[in-house]
Amino acid sequence: MTAVVATGFDFKRYLEAGRQRVELALDAALGPERPESLREAMRYSLLAGGKRLRPILCLASCELAGGDPQLALPTATALEMIHTMSLIHDDLPAMDNDDLRRGRPTNHKVYGEATAILAGDALLTRAFEMVALRSPGVPAERLLRVIGELSLAAGAPGLVGGQIVDLASEGQAVDLATLEYIHLHKTGALLQASVLSGALVAGAEESLLAALRSYSRAIGLAFQIIDDILDVTASSEVLGKTAGKDLTADKTTYPKLLGLEESRRRAEALVQEACAVLAPWQAQAAPLLALAGYITARDR
Ligand code: GRG
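Residues numbered from 1 in each chain as written. Predicted model: local features only at pLDDT ≥ 70, side-chain atom pairs only at ≥ 80, totals over all residues. Heavy atoms only, no water.

A. Inspection of the overall build of the protein at higher detail. Across its full length, the protein carries 16 helices and two strands. Relative to the 2.2 N^0.38 estimate, which gives 19 Å for 300 residues, the radius of gyration of the protein is 18 Å and therefore close to what a compact globule would have. Along the longest, intermediate and shortest principal axes, the C-alpha atoms of the protein span 50 × 45 × 30 Å. Across the 300 residues in the protein, those meeting the buried criterion constitute 54%. For the protein, the proportion of contacts with a sequence separation of at least 24, taken over those separated by at least 6, is 73%. (Helix = DSSP H or I, 4+ residues; strand = E, 2+ residues; numbered from the N terminus. Rg over C-alpha atoms; globule rule 2.2 N^0.38 Å. Buried < 20%, exposed > 50% of the residue type's maximum accessible area, 1.4 Å probe, protein only. Contact = heavy atoms within 4.5 Å.)

Structure, rendered in structure tokens:
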């Protein structure tokens, strides 16, 4: 964060402006779906707040690559739709079986399981619609690459694969390599797609894409380590989701394997690593550097 302070970059303001921009775009992105019950269920979870980290990362990397973040806004909303879908499905009784998300009852608690599943499905497919059909001004070949990244992140090579291993690991002895696999797929893949897709919209060169790939792998892993830590150190009220869930579900976590102090040290080292990769871009990378710092500094 020191480099960030040195550039005079106002991160708090940046984050709040990004969040507001994303909120407006999300609100506009959900059209008049029919029937009304589906529309309500989709809006309930998508507009329930949340840090909006994935879309903000996307806009920041588009800007770093010299693009107009406005052109990446449909992709940014798509990322939040995929993320929200994964939260709705993750909370289902067949998965983590949770009652609280983003400070409210979970989607299936309000609308029932069938509607929650379908609202998730509709958000996932709307995400691809946002990129393919609602991204004016972005060349088709760039959009095709974005669709590729989103497909990899959402599917078996990403979220789904990570979730399967996560569920299968409950109550089992899990080693650090398996835990890292879970974190990188279940959480890291979409964070990586967020960073890469913004740059792809801007037509970034391969050297920048490679740097962003390393940056996002590191912040993705750090993000989930901090999530594991917050699960044991923060309250449900602050988190907006049930605290202590990993323990109840008998999940292996970083704190369980390494202790709180070492887990935090690892997360901080990963953030340092991420920032070092972007050092050649200097002040232009200030938002992504600050976002990396935010991942370890956050309290929810
Ligand atoms: C059906 C294609 C398909 C995929 C679903 C359910 C599932 C597969 C994967 C689970 C993925 C998951 C819920 C991972 C946890 C990621 C995580 C740390 C979420 C919390 O993210 P924050 O802190 O939440 O950014 P907010 O609410 O701030 O957005």
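B. Looking closely at the site of the ligand. In the region of the ligand, 21 residues are neighbours, and K51, R54, H83, R102 and Q163 sit closest. Between the ligand and the protein, one listed contact pairs an oxygen atom with a side-chain N or O atom of K51 at 2.6 Å. Computed on the free molecule, the ligand has an accessible area of 760 Å², of which 89% lies beneath the protein chains in the complex. The element best represented in the shell around the ligand is helix α5 (residues 69-90), accounting for six residues. Tallied by class, residues from the shell around the ligand come to seven nonpolar, seven polar and seven charged. (Near = heavy atom within 4 Å. Polar contact = N/O pair within 3.5 Å; in protein donor to acceptor, adjacent residues only side chain to side chain. Areas by Shrake-Rupley, 256 points an atom, 1.4 Å probe, with all protein chains shown as cover. Nonpolar A, V, L, I, M, F, W, Y, C, P; charged D, E, K, R; others polar.)

C. Structural detail: the packing of helix α3 (residues 36-46) against helix α7 (residues 113-133). Here α3 crosses α7 at 75°, and the two axes come no closer than 9 Å. Comparing the axis directions of α3 and α7 gives the class roughly perpendicular. Where α3 approaches α7, its residues S37, L38, A41, M42 and L46 are matched on the opposing element by T115, L118, A119, A122 and L123. Looking at the contact of α3 with α7 residue by residue, the classes come out as eight nonpolar, two polar and no charged. (Axes fitted to C-alpha atoms, helices over the stretch in contact; angles between N-to-C directions. Parallel < 35°, antiparallel > 145°, perpendicular 65-115°, else oblique.)

D. Summary view of the packing of aromatic side chains. One pass over the structure, following the stated rule, counts four aromatic pairs. Grouping aromatic residues by their ring pairs yields a cluster made of F9, F11, Y14 and Y294. The positively charged end of R54 is found above the aromatic ring belonging to F223, 5.4 Å away from the centroid. Positioned over the ring face of F223 is R298, at 3.8 Å from the centre of the ring. (Phe/Tyr/Trp six-rings, centres within 6.5 Å; stacked < 30°, edge-to-face > 60°. Lys NZ or Arg CZ within 6 Å of the ring centre and 35° of its normal.)

E. Up close: the environment of Y294. On the secondary structure map, Y294 appears in helix α16 (residues 286-297). For the pair formed by Y294 and L15, sequence separation is 279 residues and the distance between their alpha carbons is 9.9 Å. When residues no more than four places from it in sequence are discounted, the contact partners of Y294 are F11, L15, K51 and L53.

F. A look at the packing of helix α4 (residues 53-64) against helix α10 (residues 176-201). Taken N-terminus to C-terminus, the directions of α4 and α10 make an angle of 30°; their axes are 6 Å apart at the nearest point. It follows from the interaxial angle that α4 and α10 lie roughly parallel. Judged by the twist between their axes, the crossing of α4 over α10 is right-handed. Residue-level contacts link L53, R54, L57, C58, S61 and C62 of α4 to L190, L191, S194, V195, S197, G198 and A199 of α10. Counted by class, the contact of α4 with α10 contains eight nonpolar, four polar and one charged residues. (Left-handed = near helix turned anticlockwise from the far one by under 90°.)

G. Just the environment of A76, in detail. Among the secondary structure elements, A76 is positioned in helix α5. Linking A76 and P55, residues 21 residues apart in sequence, is a C-alpha distance of 4.1 Å.

H. Molecular detail of unusual backbone geometry. Positive phi, close to 60°, is recorded for R52, a residue that is not glycine. One can find R52 in the loop between α3 and α4. At R102, a position not held by glycine, the phi torsion is positive, near 50°. Note that R102 resides in the loop between β1 (100-101) and β2 (104-105).

I. Quick peek at α5. Between its terminal C-alpha atoms α5 stretches 30 Å, which fits the 32 Å expected from 22 residues at 1.5 Å a residue. At T75, α5 shows its largest kink, close to 30°. The buried count for α5 comes to 20 of 22 residues, which makes it a mostly enclosed element. Capping the start of α5, D68 holds a side-chain oxygen 2.9 Å from the backbone nitrogen of Q70, two or three residues further along. (Expected span 1.5 Å × (residues − 1). Bend = angle between axes of the 7 residues up to and from the residue.)

J. Molecular detail of the side chain of T84. Mapping T84 onto the fold places it in helix α5. The contacts of T84, once residues within four sequence positions are left out, are S45, L46, R102 and L123.

K. Structural context of helix α11 (residues 206-233). For α11, with 28 residues, the first-to-last C-alpha span of 40 Å sits near the 40 Å given by 1.5 Å per residue. Burial of α11 is extensive: 20 of the 28 residues sit out of reach of the surface.

L. Summary view of the side chain of K245. On the secondary structure map, K245 appears in helix α13 (residues 245-248). Leaving out residues up to four positions away in the same chain, K245 has contacts with D96, N97, D98 and D231.

Interpretation note: all reported values are geometric properties and have no functional meaning in isolation.
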